[in-house]
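Structural features, examined
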Amino acid sequence: MSETFFVTTALPYANGPFHIGHIMEYIQADIWVRFQRMQGKRVHFVGADDAHGAPVMLKAQAEHTTPEALVARIAADRPRYLEGFHIGFDHWHCTHSSENTRLSHDIYRHLRTAGLIDSRSVEQFYDPVQGMFLADRYIKGECPKCHAKDQYGDACEVCGSVYAPTELIAPYSALSGAKPVLRSSDHFFFRLSDPRCAAFLRQWLEQPGHVQPQVANKAREWLEGRDGRALSDWDISRDAPYFGIPIPDAPGKFFYVWLDAPIGYLASLQSYIDSGKARANGEMRTFEQLLAAPDTRQVHFIGKDIIYFHTLFWPAMLHFAGPPYRVPDNVHVHGFITVSGEKMSKSRGTGISPLRYLELGLNPEWLRYYLAAKLNATVEDLDFNAQDFVARVNSDLIGKYVNIASRAAPFVTRHFDGSIDYPAGTGELLDVAREVLEQVRESYAAREFARAMRQIMTFADRLNQDFDARRPWILAKDPTQRAALQDSCARALYGFKVLTCLLAPVLPALAERVARELLGLQRPLAWADALEPPRRIHPYRHLMTRIDPKQLDALFEPAGEIPVPTKTAPQTPSVEPAGSSGAPRTALTATQGAPAPPTLSIEEFKRIDLRVARIAAAEHVAGADKLLKLTLDLGGETRTVFAGIKSAYDPAALAGRLTVLVANLAPRKMKFGLSEGMVLAASGETGGPYLLAPDSGAIPGMRIG
RNA sequence: GGAAAGGUAGCUCAGCCGGUUAGAGCACGGCACUCAUAAUGCCGGGGUCGAGGGUUCGAGUCCCUCCCUUUCCA
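These remarks concern the structure in this document. (Residues numbered from 1 in each chain as written. Chains lettered and ligands numbered in written order. Predicted model: local features only at pLDDT ≥ 70, side-chain atom pairs only at ≥ 80, totals over all residues. Heavy atoms only, no water.)

1. Topic: the overall build of chain A
Rules: Secondary structure follows DSSP: runs of H or I at least 4 residues long count as helices, runs of E at least 2 residues long count as strands, and numbering of each begins at the N terminus. The buried label goes to any residue with under 20% of its type's maximum accessible area, the exposed label to any with over 50%, and the partly exposed label to all in between, with areas taken from a 1.4 Å probe on protein chains only. Contact definition: two residues touch when any of their heavy atoms are within 4.5 Å. All accessible areas in this document rest on Shrake-Rupley with a 1.4 Å probe, and a residue is counted as covered only by the protein chains that are shown.
Of the regular secondary structure elements, chain A holds 21 helices and 27 strands. Sorting the 705 residues of chain A into buried and exposed places 51% on the buried side. Look at the contacts in chain A between residues 6 or more apart in sequence, and 73% of them connect residues 24 or more apart. Approximately 31,500 Å² of chain A is accessible, and the part contributed by carbon and sulfur atoms is 53%.

Below you can see the structure in the form of structure tokens.
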């Protein structure tokens, strides 16, 4: 029963701030961790920055700083996010650390002793100007199949074909523009092709519970390979210059970042223990003792993009490194978060900035609840939808949950001076509580948070119904009904305490306030508190406010006008390393500093693609004061446009009308979805808007100009 | 090209091993209530469960084919 959980989330790459995807993962893990702790389990929850690799090195170079300084700067920013969203890591470390170096060396040596490390010569493109070998993503050239220019070294984005960098026509270095030369170098390989590896992994994947079934399927697919090709050996070394951990006995060679990144989980645990923090949390064992203990559970939360590393390389590394290392007990995989159905993309300015969310003063627990209400144990993607978010939080948390305390507590304070009795006894109430508690416990444990939230809200519904049926506000007027009044309020407030316990993993700050301010407890709530009906409350103070949809508008306002790179636009050969999300992309725009000319040349005007469009459908947008959602027919194409014409037009009267669309306006992410263009309308002092319309005879799709 | 996941009311989603008239929340319409930083309660409209075949006494649920979406791999 004394299981100890060692829980990690995927290590974020240290070249940029957290995005909403990171935050979602941390919230998922944090909820699970808090739940386990409320059950009385001991949990060590650690994270770290993933510091190594070429992108960090190159980014530092571009900023005329050192990789260490860059990583430190990024790390300094992490607590704002973590504290802001109540994500309770016990420790946060870095893969560029003495612990990680020691552990990486140790694991590597064990693998070498086990005969699982090979060395062989590899021929690879080398940039003579930068003086370094080039990863595929840093090589560009002409696609050998479709002859599209400026394609990356591994695949063509235009025709989709895959090739080796050496097949590119006229290759050049994306870093320096220089012509790369082929050069050979000795590389080290982890021999995954060894039958021992395949046998071990097959068996590990077979055992239920290690990974979700879908994930096991995926991993098996890689493991068994196709056309008789099984897993191939894994290149784990890189040549200097490289920001990484030097390989023992191999001067000038460094571990590939993906070798030491997961070891960073262990490094963070080690640092957590050595720092004395673990001791403060009641963990007296050493790093080795903790890992080796049979009742330790090593649990990783990751996104589906890194399944490969966590279900093949990582377990194999740990297994063949031997004790005290333990093979992961669980790898929990989640999907991506999309925003209004669109894949989030920093470069397109979509997605939600977690920092902006906090800066706007939006309540972090709103987001925690909303994500919990949509998260389950599958690998499916999750959509953040602004309207859904507002409805869900306002209705569930304020309308249902908080409302129970808000409506029942004043009676108790006013009529009973804050003391609660149970004239009808607590037996039945406890039975109900036990049942709900057990249901929700199972859901949380299985990471079926959405189900847990549904169960919790069903219970809240029952409490509101019960309260309604008993009509305490009527009872309060009749002095002979004191017992009935007391009973109806006691039931509601006990129910509220149960709800608060159930929601505490998701809403830790709110639960803490309820415990302290309302229930007068000087400690956080535990699961078992849900079976202690409260006997006294302090006067109720409002616990949570509703979301004003206007607050969300600001969240979705783009921070600045970010150009939308279209697929066909020629890529400027830039020195910006791919993946360095922090690099300024806005510098790529065509218009440079010159002031706008007073007149427009015909060429400039021609850049505006005006088209005749037929309004196929028009509808109101729930929650929007000014917008109508228009579905436009452009001949063979359909566009969705949000137009600010609600004040002047009835949607029903618009259907079928022709109008004018700016067809090549950069799509703009709005709170309600993506607006793919702009319809033209006139407006002025005297009124408007007046929608423009072509003369009769025009056909949808016709070019105007 | 191969694979995985998904396609259920306007929106977000539940529907386990096939079984009476397909569910919830939100939105919408109506009613009630007034304790609640305006919320709750009741009633209601609304779905050819992606399409087409098949198995079965009976399929949203199993099988086959196809279409669409997302993702991964080569």
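Read on, since the account is not over.
2. Here we look at the packing of helix α15 (residues 449–470) against helix α17 (residues 482–503)
The following threshold applies: In this description, a line fitted to the C-alpha atoms serves as the axis of each element, helices being fitted only across the stretch in contact, and the angle between N-to-C directions of two axes falls anywhere from 0 to 180 degrees. Any angle that falls under 35 degrees is termed roughly parallel, while one over 145 is termed roughly antiparallel, one within 65 to 115 roughly perpendicular, and all others oblique. Only Asp, Glu, Lys and Arg are considered charged in this grouping, and only Ala, Val, Leu, Ile, Met, Phe, Trp, Tyr, Cys and Pro are considered nonpolar; every other residue, Gly among them, is considered polar.
For the pair α15 and α17, interaxial distance at closest approach is 10 Å and the crossing angle is 170 degrees. Relative to α17, the element α15 lies roughly antiparallel. Seen from α15, the contacting residues are M453, I456, M457, F459, A460, L463, D466, F467 and R470; seen from α17, they are D487, S488, C489, R491, A492, G495, F496, V498, L499, L502 and L503. Class assignment for the residues of the contact of α15 with α17 results in 14 nonpolar, 2 polar and 4 charged.

3. Quick look at the sheet that holds strand β8 (residues 169–173)
Inclusion rule: The criterion for strand pairing is that DSSP finds at least two bridges linking the strands in question.
If you walk across this open sheet you meet the 3 strands as β7-β6-β8, and the pairing is antiparallel. Because the sheet does not close on itself, it has two edges, and the strands there are β7 (151–152) and β8. The pairing of strand β6 (residues 139–142) with β8 spans 3 bridges and is antiparallel. Its bridge partner being in β8, I139 is matched across the sheet by S173.

4. Let's talk about the protein's contact with RNA strand B
Rules: Here a residue is near a molecule or strand as soon as one of its heavy atoms is found within 4 Å of it. We call two N or O atoms a polar contact when they sit within 3.5 Å, provided that within protein one can donate a hydrogen and the other can accept it, with sequence-adjacent residues counted only if both atoms are side-chain atoms.
Around RNA strand B sit 29 residues in total, of which E221, N403, S406, H542 and R546 are the nearest. Counting only the atoms of RNA strand B that lie within 4 Å of the protein, the sugar and phosphate share comes to 75%. In this structure, a sugar or linking oxygen belonging to RNA strand B sits 3.1 Å away from a side-chain N or O atom of K374. For the surface near RNA strand B, the elements supplying multiple residues, two or more each, are α6 (213–224), α13 (386–416) and α15. Here the surface near RNA strand B gets 9 residues from one element, more than from any other, and that element is α13. When the residues that make up the surface near RNA strand B are grouped by side-chain class, the tally is 5 nonpolar, 9 polar and 15 charged.

5. Structural notes on the pattern of salt bridges
The test is simple: For salt bridges, the criterion is a side-chain nitrogen of Lys or Arg within 4 Å of an Asp or Glu carboxyl oxygen.
If you walk through the whole model with that rule in mind, you get 35 salt bridges. E512 serves as the salt-bridge partner of R516, at 3.1 Å between the closest nitrogen and oxygen. On the criterion of helical spacing, the pair formed by R516 and E512 is a turn pair, its members being 4 residues apart in helix α18 (residues 508–518). We classify E512 as partly exposed; its relative accessible area is 37%. Residues joined by salt bridges that share partners form a network here, namely E428, D466, R470, D487 and R491.

6. Regarding the packing of aromatic side chains
Our working rule: Side-chain rings of Phe, Tyr and Trp, where Trp is taken by its six-membered ring, are said to pair if the distance between their centres is within 6.5 Å; with planes under 30 degrees apart they count as stacked, over 60 as edge-to-face, and otherwise as tilted. To sit over a ring, a charge needs its Lys NZ or Arg CZ within 6 Å of the ring centre and within 35 degrees of the ring normal.
Inspection of every chain in the model, using the stated rule, returns 33 aromatic pairs. Measuring from ring centre to ring centre gives 6.2 Å for Y308 and F309, while their planes differ by 75 degrees; the resulting arrangement is edge-to-face. Taking 6.5 Å as the distance between ring centres and 50 degrees as the angle between the ring planes, the aromatic pair formed by F467 and W473 counts as tilted. Residue classification places W473 among the partly exposed residues on the basis of a relative accessible area of 35%. Through pairs of rings, three or more aromatic residues link up here, namely F18, Y26, F45, Y81, F89 and W92. Here the guanidinium or amino end of R78 rests over the ring plane of F18, the centre of that ring lying 4.2 Å away. Here the guanidinium or amino end of R238 rests over the ring plane of Y256, the centre of that ring lying 3.9 Å away.

7. A closer look at the sheet that holds strand β9 (residues 181–190)
Across the sheet, 4 strands lie side by side as β5-β4-β9-β10; this open sheet has antiparallel pairing. Of all the strands in the sheet, the pair left with one neighbour each is β5 (132–133) and β10 (234–235). Relative to β5, strand β4 (residues 117–127) is paired through 2 bridges, and the arrangement is antiparallel. Bridged to Y126 within β5 is F133.

8. Quick notes on the pairing of β4
When β4 meets β9, the two strands line up antiparallel, connected through 10 bridges. From the neighbouring strand, D118 faces β9, where its bridge partner is F189.

9. Description of the packing of α6 against helix α10 (residues 307–321)
To be explicit about the condition: The hand of a helix crossing depends on one turn: near helix anticlockwise from the far one by less than a right angle means left-handed, and clockwise means right-handed.
Where α6 meets α10, the axes come as close as 10 Å, and the angle between the chain directions of the two elements is 65 degrees. With respect to their mutual orientation, α6 and α10 come out roughly perpendicular. Regarding α6 and α10, the two cross each other, and that crossing is right-handed. Here V215, A219 and W222 of α6 come into contact with α10, specifically with I307, Y308, T311 and L312. By residue class, the composition of the contact of α6 with α10 is 6 nonpolar, 1 polar and no charged.

10. So, the environment of V331
As for its position among the elements, V331 is in strand β14 (residues 330–334). Note: C-alpha distance between V331 and V7 (324 residues apart in sequence) is 9.9 Å. Once you skip the residues sitting within four places of it in the chain, V331 turns out to touch W204, H210, V211, Q212, H300, I302 and H310.

By themselves these figures say nothing about function.
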